[in-house]
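Residues per chain are reported as follows:
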Amino acid sequence: MMEFLSYLEHLRFSMWVLQTQAYAYILTAHTIGMGIVAGVAAVINLRLLGVSPTIPIRPLEKLYPLMWTGFWVNAVTGTTLMIADATTKLTNYDFYIKMVFVFSGVALIVIMRKKIFRDPNLDNGPVPDNVKRLAWLSLFCWAAAITAGRLLAYLGPVSGVPGLSNQ
Ligand code: HEM
């Protein structure tokens, strides 16, 4: 397994990412993508939880393409960063915790679209409690994904120093 991870890390593309400015640009794009996907999800969730009640909910579905764009930017930049530092990232328990929350957040995006925006009674009455529970769960998943993502620098093995670990 470690041989395969080391093989990924020594690909010419991975070396280019790690040894040039590319790393900083890709991590910046990852941060922007995170802001878009988690930010747009937060706008929809906070409206469902009663913030700015005069704003109709149905038009917020138009934000979905932007949310998916943010996610796919992160999937591409994140996979690149993961491959470039495979022996560290793919042996870090915190990385798997983060990915569980990322994919839970994505699953909730899909479920909420079906459950909320397909409801003919949307905007004709109070938001049902089960929808509010989904909104709280979605907010939690994205906050947890971001926290686990940031903690990657502080938990688990240290990048580029085989055998050294933070915790
Ligand atoms: C979809 C697939 C994703 C993959 C494969 C992925 C992978 C990664 C990797 C490898 C890093 C470490 C970068 C480094 O410090 O070297 C990282 C950092 C991070 N990721 Fe992701 N990520 C993904 C999606 C997301 C999403 C959707 C979010 C949040 C909504 C997110 C939030 C973060 C944060 C906050 C960091 C820390 C950035 C920093 O240290 O400045 N990631 N991600």
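See the structure above.
Residues numbered from 1 in each chain as written. Predicted model: local features only at pLDDT ≥ 70, side-chain atom pairs only at ≥ 80, totals over all residues. Heavy atoms only, no water.

Visitor: Would you mind showing me how to read the site of the ligand here?
Guide: The environment of the ligand is made up of 22 residues, and the closest members are Tyr23, His30, Asn74, Lys98 and Arg150. For the ligand, an oxygen atom lies 2.6 Å from a polar atom in the side chain of Tyr23. In the model, a nitrogen atom of the ligand is placed 2.9 Å from a nitrogen or oxygen of the His30 side chain. The set of elements that each furnish at least two residues to the shell around the ligand consists of α3 (22–48), α4 (64–84), α6 (93–117) and α7 (129–150). Counting residues per element, the shell around the ligand draws most heavily on α4, at seven residues. (Near = heavy atom within 4 Å. Polar contact = N/O pair within 3.5 Å; in protein donor to acceptor, adjacent residues only side chain to side chain. Helix = DSSP H or I, 4+ residues; strand = E, 2+ residues; numbered from the N terminus.)

Visitor: Would you explain the packing of helix α2 (residues 12–19) against α3 in this entry?
Guide: Pairs of packed helices are described in terms of their axes, by the angle between the two and the distance that separates them. The geometry of α2 relative to α3 is characterised by a closest axis approach of 5 Å and an angle of 85° between their N-to-C directions. When the interaxial angle is binned, α2 and α3 end up roughly perpendicular. Residues Trp16, Val17 and Leu18 of α2 lie in contact with α3, whose contacting residues are Ala22, Tyr23 and Ile26. Looking at side-chain class alone, the contact of α2 with α3 contains six nonpolar, no polar and no charged residues. (Axes fitted to C-alpha atoms, helices over the stretch in contact; angles between N-to-C directions. Parallel < 35°, antiparallel > 145°, perpendicular 65-115°, else oblique. Contact = heavy atoms within 4.5 Å. Nonpolar A, V, L, I, M, F, W, Y, C, P; charged D, E, K, R; others polar.)

Visitor: Help me out: how do you make sense of the coordination of the iron atom of the ligand in this one?
Guide: Tetrahedral coordination by four donors places them ideally at 109.5 degrees to one another around the metal; octahedral coordination by six donors ideally gives 90 or 180 degrees. Around the iron atom of the ligand, the protein contributes the donor atoms His30 (NE2) and Lys98 (NZ), at 1.7 to 2.1 Å from the metal centre. Considering all six donor atoms around the iron atom of the ligand, the spread of angles at the metal, 82 to 178°, places the coordination shape in the octahedral class. Of this pair, His30 sits in helix α3 while Lys98 is found in helix α6, placing the two residues 68 residues apart along the sequence. Here His30 and Lys98 have matching classes, each one buried. (Donors = N, O, S within 2.8 Å, 3.2 Å for Na, K, Ca; no water. Tetrahedral: all angles 85-135°; square planar, octahedral: opposite > 155°, others 65-115°. Buried < 20%, exposed > 50% of the residue type's maximum accessible area, 1.4 Å probe, protein only.)

Visitor: I tried to follow the side chain of Asn45 on my own but got confused; where do I start?
Guide: Positionally, Asn45 belongs in helix α3. For Asn45, the contacting residues outside a window of four places in its chain are Met112, Ala135, Ser138 and Leu139.

Visitor: Explain the side chain of His30 to me, please; I cannot follow it from the model alone.
Guide: The class for His30 is buried, based on a relative accessible area of 14%. At 3.4 Å, the side chain of His30 forms a polar contact with the backbone nitrogen of Gly78. The contact partners of His30, leaving out residues within four places of it in the chain, are Asn74, Thr77, Gly78, Leu81 and Lys98.

Visitor: Just to check I follow, could you spell out the nonpolar core for this structure?
Guide: Within soluble globular proteins, side chains that are nonpolar generally end up buried alongside one another. Core analysis: the biggest nonpolar cluster contains 26 residues, and Ile44, Leu48, Met67, Met112, Phe117 and Trp142 have the highest contact counts within it. Elements supplying a minimum of two residues to this core: α3, α4, α6 and α7. When residues of this core are assigned to their parent elements, the largest contribution, seven residues, is made by α6. When sequence neighbours within four positions are dropped, the list of residues in contact with Trp142 reads Val37, Ala38, Ala41, Val102, Gly105, Val106 and Ile109. Counting seven residues, the second largest nonpolar core, distinct from the first, contains Leu8, Met82, Leu90 and Leu152. (Core = buried A, V, L, I, M, F, W, Y, C linked by side-chain atoms within 4.5 Å.)

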